[in-house]
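Chain and residue survey
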Amino acid sequence: MFTIDTAITVSLALTVVGLCGGTIRLLLGPSAADRVVSLDLITVLLIAITSLLALRLDNAAYLDLGLVLALIGFLATVAFARYIERRGVSDE
């Protein structure tokens, strides 16, 4: 059967695949709103990676890093959304 280490390894691999997909959308996104959403996705996936590393390495410092990433990601999303709103131009 699967052990916890195997499950964490599979989860890390799938999270990295999602991170690659989010990065592609960030680079090729047709509109600014798509880029903001993909940046938020990348932030969430990075938080998931730090949490999985905290479990894998048995080190709680990675959870602090995840908390900092969450705060910075939230502020970045709000700042980009405000920028798009002030610009008033739709990139459709």
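Since we're looking at a predicted model, the values are computed, not measured. (Residues numbered from 1 in each chain as written. Predicted model: local features only at pLDDT ≥ 70, side-chain atom pairs only at ≥ 80, totals over all residues. Heavy atoms only, no water.)

Quick look at the overall build of the protein chain now. Assigned secondary structure in the protein chain consists of 3 helices and 0 strands. When the helices and strands of the protein chain are placed in sequence order, the string is α-α-α. Its C-alpha atoms give the protein chain a radius of gyration of 16 Å, more than 25% over the compact-globule value 12 Å for 92 residues. Considering only C-alpha atoms, the protein chain reaches an extent of 55 × 25 × 15 Å along its principal axes. Within the protein chain, the fraction of its 92 residues that count as buried is 21%. Look at the contacts in the protein chain between residues 6 or more apart in sequence, and 54% of them connect residues 24 or more apart. If you sum the accessible surface of the protein chain, you get close to 6500 Å²; carbon and sulfur atoms cover 71% of it. Taking the average location of the 6 positive side-chain charges in the protein chain and that of its 8 negative ones, the two points are 9 Å from each other. (Helix = DSSP H or I, 4+ residues; strand = E, 2+ residues; numbered from the N terminus. Rg over C-alpha atoms; globule rule 2.2 N^0.38 Å. Buried < 20%, exposed > 50% of the residue type's maximum accessible area, 1.4 Å probe, protein only. Contact = heavy atoms within 4.5 Å. Areas by Shrake-Rupley, 256 points an atom, 1.4 Å probe, with all protein chains shown as cover. Lys, Arg positive; Asp, Glu negative; His and termini not counted. Charge placed at Lys NZ, Arg CZ, Asp CG, Glu CD.)

Within the element layout of this structure, Val17 appears in helix α1 (residues 4-28). Along the sequence, Val17 and Thr50 sit 33 residues apart, while their C-alpha atoms lie 15 Å from each other.

Residues spaced three or four apart along an α-helix face the same direction, because each turn holds 3.6 residues. Compared with the 36 Å implied by 1.5 Å per residue over 25 residues, the 36 Å span of α1 between its first and last C-alpha is a close match. Within the span of α1, buried status applies to Ile8, Leu12, Thr15, Leu19 and Gly22. Against the buried residues of α1 lie α2 (32-57). (Expected span 1.5 Å × (residues − 1).)

Below, the discussion takes up unusual backbone geometry. Positive phi, normally seen in glycine, also occurs at Asp58, with a value near 55 degrees. Looking at the secondary structure, you find Asp58 in the loop between α2 and α3 (61-87). Asp58 gets classed as exposed once you look at its relative accessible area, which sits at 71%.

Residues of the protein chain with pLDDT of at least 70 account for 96%, and the chain-wide mean is 90. Considering each helix and strand of the protein chain separately, the mean pLDDT is smallest for α3, with a value of 90, and largest for α1, with 95. (pLDDT = per-residue confidence, 0-100.)

Here the focus is the packing of α2 against α3. The relative placement of two packed helices is expressed as an angle between their axes plus a distance between the axes. Contact geometry of α2 with α3 gives a least axis separation of 9 Å together with a crossing angle of 175 degrees. Judged on the interaxial angle alone, α3 and α2 are roughly antiparallel. (Axes fitted to C-alpha atoms, helices over the stretch in contact; angles between N-to-C directions. Parallel < 35°, antiparallel > 145°, perpendicular 65-115°, else oblique.)

Below, the discussion takes up the nonpolar core. Judged by nonpolar contacts, Ile8, Leu12, Leu19, Ile42, Leu45, Ile49 and Leu52 together constitute the single largest core of 7 residues. Those elements giving two or more residues to this core turn out to be α1 and α2. Ranked by residue count, the leading element in this core is α2, at 4 residues. Contacts of Leu45, omitting those with residues within four sequence positions, involve Thr15, Gly18 and Leu19. (Core = buried A, V, L, I, M, F, W, Y, C linked by side-chain atoms within 4.5 Å.)

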